[in-house]
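# Structural description and commentary
Residues per chain, in single letters:
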Number of protein chains: 2
Amino acid sequence: MQDHLDDILATVRPLEPIELNLLDAQGCVLVDDITVPLSLPPFDNSSMDGYAVRVADVAGASEEFPAALEVVGDVAAGRAEPLSVGPGQAARIMTGAPLPPGAETVVPVEWTDGGLGEGPVAGMRARSLAPEGAEGQVHVYRPAQARAHVRAKGSDVRSGDRALEAGTVLGPPQIALLAAIGRGRVRVRPRPRVVVLSTGSELVQPDEELAHGQIYDSNSFALTAAARDAGAIAYRVGAVADDAETLRSTIEDQLVRADLMVTTGGVSVGAYDVVKEALAHVADEDEPGGGVDFRKLAMQPGKPQGFGSIGPDHTPLLALPGNPVSSYVSFELFVRPAIRTLMGLTDVHRPTTTASLAADKALTSPRGRRQFLRASYADGSVTPVGGSGSHLVAALAHADALIVVPEDAETVEPGAEVEVVLLG
Amino acid sequence: MQDHLDDILATVRPLEPIELNLLDAQGCVLVDDITVPLSLPPFDNSSMDGYAVRVADVAGASEEFPAALEVVGDVAAGRAEPLSVGPGQAARIMTGAPLPPGAETVVPVEWTDGGLGEGPVAGMRARSLAPEGAEGQVHVYRPAQARAHVRAKGSDVRSGDRALEAGTVLGPPQIALLAAIGRGRVRVRPRPRVVVLSTGSELVQPDEELAHGQIYDSNSFALTAAARDAGAIAYRVGAVADDAETLRSTIEDQLVRADLMVTTGGVSVGAYDVVKEALAHVADEDEPGGGVDFRKLAMQPGKPQGFGSIGPDHTPLLALPGNPVSSYVSFELFVRPAIRTLMGLTDVHRPTTTASLAADKALTSPRGRRQFLRASYADGSVTPVGGSGSHLVAALAHADALIVVPEDAETVEPGAEVEVVLLG
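Residues numbered from 1 in each chain as written. Chains lettered and ligands numbered in written order. Predicted model: local features only at pLDDT ≥ 70, side-chain atom pairs only at ≥ 80, totals over all residues. Heavy atoms only, no water.

## Side note on the domain arrangement of chain A
In terms of domains, chain A is made up of domain 1 (2–13 + 191–342), domain 2 (18–39 + 158–189), domain 3 (43–152) and domain 4 (352–422). Put simply, the middle of domain 3 of chain A and the middle of domain 4 of chain A, counted by C-alpha atoms, are 67 Å apart. (Domains from an automatic or database assignment.)

## A word on the environment of G88 of chain A
Residue and element names in this part refer to chain A. Residue position: G88 is located in the loop between β6 (67–75) and β7 (89–93). With relative accessibility at 29%, the residue G88 sits in the partly exposed group. Through-space distance from the C-alpha of G88 to that of Q214 is 90 Å; in sequence the pair is 126 residues apart. Beyond its immediate sequence surroundings of up to four residues, G88 is in contact with D57, L69 and E70. (Helix = DSSP H or I, 4+ residues; strand = E, 2+ residues; numbered from the N terminus. Buried < 20%, exposed > 50% of the residue type's maximum accessible area, 1.4 Å probe, protein only. Contact = heavy atoms within 4.5 Å.)

## Quick notes on the interface of chain B and chain A
The interface is formed by 84 residues belonging to chain B together with 84 residues belonging to chain A. Roughly 6,800 Å² of surface becomes buried between chain B and chain A when both sides are summed, with 62% attributable to carbon and sulfur atoms. Looking only at chain B, the three residues that lose the most surface to chain A are L23, A271 and Y272 of chain B, adding up to 10% of its buried area. Taken together, chain B and chain A are joined by zero salt bridges. Scanning the region where chain B abuts chain A turns up 30 residue pairs in polar contact (both at pLDDT 80 or more). Contributing elements (two or more residues each) for the side of chain B that touches chain A: β11 (162–164), α3 (172–180), β15 (215–216), α4 (219–229) and α8 (393–396) of chain B. Its residues assigned to classes, the side of chain B that touches chain A comprises 43 nonpolar, 20 polar and 21 charged. (Buried area = accessible area lost by both parts, 1.4 Å probe. Salt bridge = Lys/Arg side-chain N within 4 Å of Asp/Glu carboxyl O. Polar contact = N/O pair within 3.5 Å; in protein donor to acceptor, adjacent residues only side chain to side chain. Nonpolar A, V, L, I, M, F, W, Y, C, P; charged D, E, K, R; others polar.)

## Description of the packing of aromatic side chains
The way to describe two aromatic rings as a pair is by their centre distance and the angle between their planes. What the rule picks out here adds up to zero aromatic pairs over all chains. The ring of W111 of chain A has R142 of chain A lying over it, and the distance from NZ or CZ to the ring centre is 3.9 Å. R236 of chain B extends its terminal NZ or CZ atom over the ring of F221 of chain B, reaching a point 3.9 Å from the ring centre. (Phe/Tyr/Trp six-rings, centres within 6.5 Å; stacked < 30°, edge-to-face > 60°. Lys NZ or Arg CZ within 6 Å of the ring centre and 35° of its normal.)

See the structure below:
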């Protein structure tokens, strides 16, 4: 099993970077180190709504003995008119507005009479009520230290600093920082395009009628959803009948939109398992590295697996078994890491933990095969959900973890420590 | 702060359900209990590629004394021709194919000579090599118990069982189950459409030139990304200047595509804080429940906040402060729970935990205000990242948690237990 995964991870390479608009790059991996091109804030600015003043002019001010200053006008964010503050003067200033020349500090409006002459105020009068802006006199009731309520230029980041390192995943806060330093586009690894295709002549699409011997196609839905969950752009191709020629031409048609192909079914030892047969012919046999290998892995579920590359671009292909549980577990163990490798992520695996087995009786597991059992995990304890049958899709829908029973264990007693894969 | 959150959660209601195709419903909340309409598997079927036989015919079989049976044909999945197995007969059967009448058990192909007469085989000959299917004689080398390698009809789920409960979030395994029982469409709460709008005359879009006194708009990017992260379909409206009429008409234009509106900036006590003014006029004052309230909350960052509903549909609106850190923290605390409530989720909050404070010196916090500090969490320990300034967006990009310092604490010593919000 580990060999198979190693082969996949040694073959699959991160996709070539593309430049994307910031919001299109959400969840993607940054390719370059990003250097800050300008200091943030780009200028000294006020952290409060208040008055920009000189320190000496408000020294010793109190409610009893306020400092009376001449208001020379407004400094609003984004409207900075040339305005300077001289001795005995104040400029009304808004949060984020540049500290005007001559001013040394900011007193919050709540420490003043707001120019109204009637004691401390809770805020400024809206400009719509007093469109002329601030004028006349303001009384200041408290002193302020130099640069109080002033955010210094460069106090957040400085020009030349490293903003983000290559390899960073772009979530909302990273996008915030990139926007704040003026980066509207970034080079990232794109989301991989994954084509999911189920095979089996017995498969019928949901909402259609089942004839005897038929079942509904669930794998193509489950794996398309799982591929999206892993970060991919996933395309679901409905079930393809067990006919090598049809399968071959469908795969060839789909290659144009695939960075990774995933098939389910047709990989075992049956006479109608056409995936192997079809894929041998899709591979360009003149090219090295082409072709798909089929293996029996020492695991349960998911024993038969195929992996290789096909077509002129050596598109990687994973051929998973057809039982719903087998294909889902195979996806988690092999396809998800492949998708995340294509994205350029280094953390490609589901998290694992150890937990105490909560069960009425011992688990049994075939010797020589690593078993993955659906389970429910909570607070360091893990409880099996449903049986080990590869067809039990109902139990899967109520599981959030997989218990891993190692190759050399045939039984696991209740209370034993077991390894658990968290499906999150 | 809790009052504000309570008001939001008491006002915001889950969106009306819609019927969606299965894959479009990924991540959404199921509205109805789903009952299984047919048993799974729908018929007894083989779990192996092999031969369907009668138990008595293979009793005592061994490599030395194999049972020789007449092969009556193939039973392939989805191609079930009418075929029955009489005494002394075998049908070659593929995984998933219905157990034919008369057969009582399945022997895997590996226990037989595959009809080739040359000892045990590893698999069947592909149909392309032997298109006539199985015929002649097969030697079976091992006995089989009744119904060995047979998956019984209904062994996964039975008609009438509860497949999934209302309120279930549809992830890949739940989508697998719905497809498996033939449900191609489901009724779910849709993803909310969230319009994000930043305000401020100082704001310039990334990649444009900054003049003195201007900064780049980062809030509209950060909150659009965060809204998507929370499960919404988010629309970013570029920054709107501090002009009440422009803001009012922009908001009115956007209402048509909004289940929730989020604004940033313009909610404080400054003369140019036009959000309050604009929103009072958007509200339909003749209708009960309309209008937006503005409050000062006992928290840092994020003191000034607005919440209410606007327009003919009483669309909920959250008005957040304009500092990047304030708006982001406010989003996490107020907007994310609102989005998740609209989705019909019951688990609307970020997970919290307690951790030991890893810091060189004590944290200080203003008395009477609950403080949220950016931090990095790992293994039960939490380290502050950057300072407490509301403009420090660089530190935010390197944080994955918020330390919560309660209202009554003014200092927190290194090593103390603190509450932590995990930003995931």
